[in-house]
Amino acid sequence: MTNVVLLGPPGAGKGTIAARVAAELDLLHLSTGDVLRDEVARGTELGQLAQGFMERGELVPDHVMLAMVRERVNGREGVLLDGFPRTLAQAEGLARFLPVHAVVYLAVRKDEVVRRLGSRRVCPSCGAVYNLVTQPPEVPGRCDRCGGGLIQRADDAPDVVARRYEVYERDSRPLVEHYARQGKLITVDGARPPDVVASDVIEALRP
Ligand SMILES: [Zn+2]
């Protein structure tokens with residue numbers, strides 16, 4: 001079985017692509033965002049530890065993230081990691097308990113990410129998410145589900161998105177280069193519809 005890491009900037013559609021690829025290739029989809037939220041919600045020892053860092057506005061340290069991932073992997077093969085590793089140190093820690101066979105990088109340019117995330121609107125009342133381009137509400141500015149007024153999250157404002165993209169690029173570059181040196185990197189053009197991107201990724205990973 002193959003263990004895969006999926007990398008890409010915010011707005012590249014990692015979650016959607018990962019879910020489709022995992023279903024098609026029968027891989028365990030581990031979204032570290034979901035794992036983290038689940039550990040916190042269940043109040044596990046690791047979850048409480050992570051929550052402490054988050055409440056202080058700090059990043060959850062590598063060893064805590066690694067312990068969570070290790071517990072989920074639990075010796076099994078055929079894992080698709082989405083959102084992890086984020087740093088070279090995490091990649092080195094991961095290699096101690098999970099051999100990574102392929103790393104897919106979803107390449108999307110900054111202006112495309114700004115366009116995608118900039119058209120996102122959310123309903124603060126019920127949490128529904130819309131996209132003015134791909135999934136607009138029936139009545140402009142109103143939530144289909146509850147009728148609440150839609151807003152743009154501060155995180156999705158163009159200048160904030162551009163900054164997040166730049167930070168991601170800077171922080172992930174050593175990771176991308178690390179996997180490229182190992183001959184594991186597969187770069188896929190992520191600026192296309194999710195179906196097309198997912199098919200390409202599946203094709204590239206099939207034995
Ligand atoms: Zn709503």
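The structure we're discussing is the one just above.
Here is a short report on the structure shown in this document.

Reading the values: rules and limits
Residues numbered from 1 in each chain as written. Predicted model: local features only at pLDDT ≥ 70, side-chain atom pairs only at ≥ 80, totals over all residues. Helix = DSSP H or I, 4+ residues; strand = E, 2+ residues; numbered from the N terminus. Rg over C-alpha atoms; globule rule 2.2 N^0.38 Å. Buried ≥ 20, exposed ≤ 12 C-beta atoms within 10 Å, placed from the backbone. Contact = placed C-beta atoms within 7 Å. Core = buried A, V, L, I, M, F, W, Y, C linked by C-beta atoms within 7 Å. Pairing = 2+ DSSP bridges. Expected span 1.5 Å × (residues − 1). Arc of directions from axis to C-beta.

Let's shift gears to the overall build of the protein. Check the secondary structure of the protein and you find eight helices and seven strands. Since a compact globule built from 207 residues should have a radius of gyration of about 17 Å, the 18 Å found for the protein is in line with a globular shape. Here the C-alpha coordinates of the protein stretch approximately 50 × 40 × 30 Å along the principal axes. Burial statistics for the protein: of 207 residues in total, 28% are counted as buried. Long-range pairs, those at least 24 residues apart, make up 70% of the contacts in the protein between residues at least 6 apart in sequence.

By size, the foremost hydrophobic cluster in this structure holds 38 residues, and its most contacted members are Leu 6, Ile 17, Leu 80, Val 104 and Leu 106. Not counting chain neighbours up to four residues away, the residues in contact with Ile 17 comprise Leu 6, Leu 106, Pro 194, Val 197, Ala 198 and Val 201.

Looking now at the pairing of strand β3 (residues 79-82). Residues Val 79 and Leu 81 of β3 are buried on one face, and the alternating residues Leu 80 and Asp 82, pointing to the opposite face, are buried as well. Bridge analysis of strand β2 (residues 28-31) against β3 gives four bridges, and the strand direction is parallel. Across the sheet, residue Ser 31 finds its bridge partner in β3, namely Asp 82.

Residue position: Val 160 is located in helix α7 (residues 158-181). Measuring from C-alpha to C-alpha, the distance between Val 160 and Gly 118 comes to 9.7 Å, with 42 residues separating the pair along the chain. The residues touching Val 160, leaving out its near neighbours within four places in the chain, are Ala 154 and Asp 155.

Helix length check: helix α1 (residues 14-25) (12 residues) gives 16 Å between terminal C-alpha atoms against 16 Å at 1.5 Å per residue, within 8%. Buried residues of α1: Lys 14, Ile 17, Ala 18, Val 21 and Ala 22, and no others. Down the axis of α1, the sector holding all buried residues measures 125°, keeping them to one side. Residues of α1 that are buried sit in contact with β1 (4-7), β2, β3, β4 (102-107) and α8 (194-205).

Residue Pro 85 follows Phe 84 across a cis peptide bond; omega there is -5°. We note that Asp 26 has phi near 55°; this positive angle belongs to a residue other than glycine. Along the chain, the position of Asp 26 falls in the loop between α1 and β2. Residues other than glycine seldom take positive phi values, yet Asn 74 does so here, at roughly 45°.

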